[in-house]
Amino acid sequence: MVLDPQVFMTTMEKRIAFSDSDKAILKANAAWGSSIALQMAEVFYAYLARDPEMNEILNAKEGRMHRLNETFIEWFGEMFTGMDNWGSAYAARRWRIGLVHVQIGIGPQHVVPAMATVVNEVGKQLKSSGLSDDLRESLGRICMIDLAFIEQAYVEVSSQAVLRETGWTEGLFKRMISTGAAGMK
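Residues numbered from 1 in each chain as written. Predicted model: local features only at pLDDT ≥ 70, side-chain atom pairs only at ≥ 80, totals over all residues. Heavy atoms only, no water.

Draft legend 1. Main features of the overall build of the protein. Along the backbone of the protein there are 9 helices and 0 strands. Shown N-terminal to C-terminal, the secondary structure of the protein runs as helices and strands in the order α-α-α-α-α-α-α-α-α. What you see for the protein is a C-alpha radius of gyration of 18 Å, in line with the 16 Å of a compact globule of 185 residues. Seen through its principal axes, the protein has C-alpha atoms that stretch 55 × 40 × 35 Å. When the 185 residues of the protein are sorted by exposure, 42% land in the buried category. Residue pairs at least 24 apart in sequence account for 77% of intrachain contacts in the protein once pairs closer than 6 positions are excluded. Per element, the accessible surface of the protein, about 10,100 Å² overall, is 56% carbon and sulfur. Taking the 19 positively charged and 22 negatively charged side chains of the protein as two groups, their mean positions are separated by 4 Å. (Helix = DSSP H or I, 4+ residues; strand = E, 2+ residues; numbered from the N terminus. Rg over C-alpha atoms; globule rule 2.2 N^0.38 Å. Buried < 20%, exposed > 50% of the residue type's maximum accessible area, 1.4 Å probe, protein only. Contact = heavy atoms within 4.5 Å. Areas by Shrake-Rupley, 256 points an atom, 1.4 Å probe, with all protein chains shown as cover. Lys, Arg positive; Asp, Glu negative; His and termini not counted. Charge placed at Lys NZ, Arg CZ, Asp CG, Glu CD.)

In structure tokens:
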């Protein structure tokens with residue numbers, strides 16, 4: 001089963017209670033988000049670069065860090081604008097971002113704490129700018145949706161690889177995972 005980004009986005013919006021009010025708050029603060037995007041990219045990648053494994057991944061190819069910084073700045077701004085009101089283009093882009101994380105080896109164990117570092121820094125910036133907690137909460141919800149896309153990309157890519165290589169059915173694979181998890185105490 002291949003993930004449908006729009007269906008996943010809709011599901012996550014419901015689970016996380018990402019509302020029309022959140023969207024309006026984010027859009028109203030898009031200029032502020034753009035003004036701090038570069039600083040947030042610096043915080044994100046400075047955190048990741050402290051880890052030797054992650055630093056090696058980030059600098060494995062000439063120009064990768066430059067491209068990653070540009071992508072982060074775009075990503076950060078898109079959380080505020082929603083691109084297409086957080087619709088199919090937004091969902092497809094988040095899915096592609098998740099797949100790129102898988103391809104270059106930036107795993108959830110790296111992204112989740114790095115994102116927490118950015119969320120914490122954004123909170124400080126909000127406070128120093130005198131902006132509302134509503135904005136922090138709305139931004140927190142969309143960050144969690146975006147993180148869910150990255151984590152789901154790992155699940156989907158791993159599952160599909162195993163199914164292709166083994167010829168197993170999805171049902172058998174899920175039973176094996178469930179049984180395996182029960183045995184890991």
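Draft legend 2. Looking closely at helix H3 (residues 30-49). Helix length check: H3, at 20 residues, gives a terminal C-alpha distance of 28 Å against a target of 28 Å (1.5 Å per residue), a fit within 8%. In the structure, H3 departs most strongly from a straight axis at alanine 37, where the bend amounts to approximately 45°. Residues Ala30, Trp32, Gly33, Ile36, Ala37, Met40, Ala41, Phe44, Tyr45 and Leu48 constitute the buried set of H3. Elements that come into contact with the buried residues of H3 comprise helix H2 (20-28), helix H4 (52-58), helix H5 (64-85), helix H7 (108-129) and helix H8 (133-166). (Expected span 1.5 Å × (residues − 1). Bend = angle between axes of the 7 residues up to and from the residue.)

Draft legend 3. Looking closely at the packing of H7 against H8. H8 packs onto H7 with a crossing angle of 170° between their chain directions and a minimal axis gap of 11 Å. In terms of their interaxial angle, H7 and H8 are classed as roughly antiparallel. Two secondary-structure elements touch here, H7 through Pro108, Val111, Val112, Met115, Val119, Val122 and Leu126 and H8 through Leu135, Arg136, Leu139, Cys143, Leu147, Ile150, Glu151 and Tyr154. Here the contact of H7 with H8 is composed, by residue class, of 13 nonpolar, no polar and 2 charged. (Axes fitted to C-alpha atoms, helices over the stretch in contact; angles between N-to-C directions. Parallel < 35°, antiparallel > 145°, perpendicular 65-115°, else oblique. Nonpolar A, V, L, I, M, F, W, Y, C, P; charged D, E, K, R; others polar.)

Draft legend 4. Representation of the confidence of the model for the protein within the structure. When pLDDT is averaged along the protein, the result is 92, and 99% of the positions lie at 70 or above. Considering each helix and strand of the protein separately, the mean pLDDT is smallest for helix H9 (residues 170-182), with a value of 79, and largest for H2, with 98. (pLDDT = per-residue confidence, 0-100.)

Draft legend 5. Structural detail: helix H1 (residues 5-16). The end-to-end C-alpha separation of H1 is 16 Å, in line with the 16 Å expected for 12 residues at 1.5 Å each. Taken residue by residue, H1 has Pro5, Phe8, Met9, Met12 and Glu13 as its buried positions. In an axial view of H1, the angular spread of the buried residues amounts to 135°, which keeps them on one side of the axis. Set apart from the buried face of H1 by more than 90 degrees, the exposed residues are Lys14 and Arg15. Structurally, H1 contributes buried residues whose contacts are with H2, helix H6 (88-104) and H8. Of the residues flanking the start of H1, the one acting as N-cap is aspartate 4, its side-chain oxygen 2.9 Å from the backbone nitrogen of glutamine 6. (Arc of directions from axis to C-beta. Polar contact = N/O pair within 3.5 Å; in protein donor to acceptor, adjacent residues only side chain to side chain.)

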